[in-house]
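Coordinates in review
Now for the letters of each chain:
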Amino acid sequence: MGRRRVSCGHSGSPETSTDVETRVLVINTGGTIGMVLHDGVLSPEYNALVKTLRKLPILHDEKYAEQTKLYECYKPEEKTLVLPKSKLDKRVVYTFLEYSPLLDSSNMTPNDWTTIGKDIEKYYEDYDGFVVLHGTDTMAYTVSALSFMCENLGKPVIFTGSQIPIFEMRSDGRDNLLGALLIAGQFAIPEVCLYFHHKLYRGNRVTKVDSGSFKAFASPNLPPLASSEVDIKIDWDSVWRPSTTGKFTVYTHMNHNVGLLRLFPGITTDTVKVFLSASMEGVILETYGSGNAPDNRADLLDEIRKATERGLIMVNCTQCLRGTVTISYATGQALSKAGVVAGFDMTPEAALSKLSYVLAKQDLSLEEKKRNMSRNLRGEMVADLEGAKFSLSDSRFIQIIAKTLSIGCKEELEAIRDAIMPILVCAAAKNGDTEALEAIRNMATDLSKADYDGRTPLHIAACEGNLNVVEYLLSKGVTIFTKDRFGDKPLRNAVQLRHKDVVELLRKHGAHLSRAELQDTGTELCRLAASGDLEGLQIWKLAGADMAMTGYDKKTPVEVAKANERKEVEDFLNAA
Ligand code: ASN
């Protein structure tokens, strides 16, 4: 997105603005942030939030909206607002999608997760990012579930809410909403996240830890992905990069026969037996310390063994807030011998929703499902078997530079790396040198890093038509939706420079042009049709353009081809 003609067609008029716009969809599901007091108790109220936000200058720039005729482009009923210009010179235009009824999150069920997922899927191509307003009580469950349900996610989905309604004098809601919007609209973080009290967390790592503090959430086993201080600082090295990419889809068939069983001293066999009933298909066993359960309770272990032999999947997660499940104690080994699989450092919320997701995958065998539970799918765990991450100071290249410049502290090393690497990575991408890219990746460098103009190695490879580099970068999970300073994504570059194979590959991996970009193509298609440029038309078709789109004079490309006697083009367009 970001291609709205901000003067709404009146080019050259004084209202024209050159600001780069990005678009965010805000899905309001309910929660305290939009609640109003009714008879002394808080409950959500439909439409109240947007009305209030319009009057808050930090969350809506009415002057800009009027000057650029925002309401003509986005009808009022669409509930569209615009933030003041950000420090990065961007305008985040955001549109509300409000659910009815709005819910206190304690009333939410997996069906509500599906509704959110389906809406993200429906509007995926229209927006640069998504913000989900949600009550804090069960937000950790929903955000975890969505992290698994969203397959091949390439854009930010950021959950937030508040502890005090946004309408009140002292509210954390305004800051939380603003931070979430700025991140969703400006940074291509391809993850389902949670933003709260100045921190951005990976969604499947959080848990609610405080009902009375603005710092309601913690991510005990993973530091925040970003923090909002004087500037918004993103820790790009921590951003999750999947090793596979494909078209974005939302998997909604969650298995509901799952549960959490918390061990406690003296738990009876009957309790365990009833819990592990025949209808149960998956259970997260919340154990002590590093994954321990009594190994002197044959009765208990027997019930567990019988259940796992029947095909019930049991996953071992610790009751501790921080730390991981290991097999260093005999008491932990007893569970693994009874068929319980290790959940390492997953939160119970992540483990439960992952189990629900994995169990629903019909095409996986029981063994594969178990293996998936102990495997890192979305950055939700650090599995024991994963190798230690290559440290920055291990890199000989950086060491030599550091030595030459006589520096040694971590921050300085990082600063050098961040200054040099984007240039090296882009040069390697230009030269088609995947070996160099692999070596650079081993220096703990994020291959999605952009140069001064916001151009990533994928932009460069797409421009150069270096198919093998594009393939390599996609296999390393680089983000395909980063926009450079001119608002262009790699797919648009590949279209402009006519690299058909690159366009095809990017499309296969889920890249798309925004609906606004595609709507603008009519005149270009007619121009290509008039000049008989078959290749140009074929590339636009591959990129997703509608071949029947009319030009500025309301003629279709096929009519133009006919009028210009371009028979080959006419045949192609008729068949398209
Ligand atoms: N009960 C509220 C909810 O979860 C709590 C909140 O949002 N702070 O919807």
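Heads up: the structure comes first, above all this text.
Described below are features of the structure shown in this document. This structure is a prediction, so every number in the text was calculated from the model and none was measured. (Residues numbered from 1 in each chain as written. Predicted model: local features only at pLDDT ≥ 70, side-chain atom pairs only at ≥ 80, totals over all residues. Heavy atoms only, no water.)

Gaps between atoms show up when a probe of the same size as a water molecule is rolled over them. The full count for this structure, using the stated rule, is one cavity of 30 Å³ or more. In this structure, the largest cavity encloses a volume near 140 Å³. In terms of lining, the largest cavity is formed by 17 residues, of which the most central are Asn152, Leu153, Gly154, Thr245 and Ile480. For the lining of the largest cavity, the per-class residue count stands at eight nonpolar, nine polar and no charged. Domain assignment of the residues forming the lining of the largest cavity places at least three in each of domain 1 (3–248) and domain 3 (392–508). (1 Å grid on protein atoms, 1.4 Å probe; cavity = no way out; pocket = protein on both sides within 12 Å on 5 of 7 lines; lining within 4 Å. Points joined across faces, edges and corners; volume = space filled by probe spheres on them. Nonpolar A, V, L, I, M, F, W, Y, C, P; charged D, E, K, R; others polar. Domains from an automatic or database assignment.)

Overall, mixed pairing links the nine strands, which are arranged E4-E5-E1-E6-E8-E9-E10-E13-E14 in an open sheet. Both edges of this open sheet fall to strand E4 (80–82) and strand E14 (232–234), since each of them pairs with a single strand only. The mean inter-strand angle of the sheet, taken between neighbouring strand axes irrespective of direction, is 25°. Looking at chain direction, strand E10 (residues 199–202) and strand E13 (residues 226–228) are connected through two bridges and run antiparallel. Within the sheet, the bridge partner assigned to Leu200 lies in E13 and is Ala226. The strands that helix H4 (residues 110–123) touches are strand E1 (20–30), strand E5 (90–103), strand E6 (129–133) and strand E8 (157–160); relative to E5, the one it contacts most, it runs at about 145°. Lying on the sheet, helix H5 (residues 139–149) is in contact with E8 and strand E9 (192–196); it crosses E9 at an angle near 150°. (Pairing = 2+ DSSP bridges. Helix = DSSP H or I, 4+ residues; strand = E, 2+ residues; numbered from the N terminus. Axes fitted to C-alpha atoms, helices over the stretch in contact; angles between N-to-C directions. Contact = heavy atoms within 4.5 Å.)

A separate point is the packing of H4 against H5. Viewed as axis vectors pointing N to C, H4 and H5 meet at an angle of 50°, and their least axial separation amounts to 10 Å. It follows from the interaxial angle that H4 and H5 lie oblique. Between H4 and H5 lies a crossing of right-handed hand. Facing Trp113, Thr114, Ile116, Gly117 and Ile120 of H4, the residues of H5 in contact are Tyr141, Thr142, Ala145, Leu146 and Met149. (Parallel < 35°, antiparallel > 145°, perpendicular 65-115°, else oblique. Left-handed = near helix turned anticlockwise from the far one by under 90°.)

Now for the sheet that holds strand E18 (residues 313–318). Read across the open sheet, the four strands follow the order E16-E17-E18-E19; overall the sheet is parallel. Taken across any chain shown, the strands that pair with only one partner, and hence form the sheet edges, are strand E16 (258–262) and strand E19 (341–342).

Limitation: the analysis is restricted to geometry and does not speak to function.
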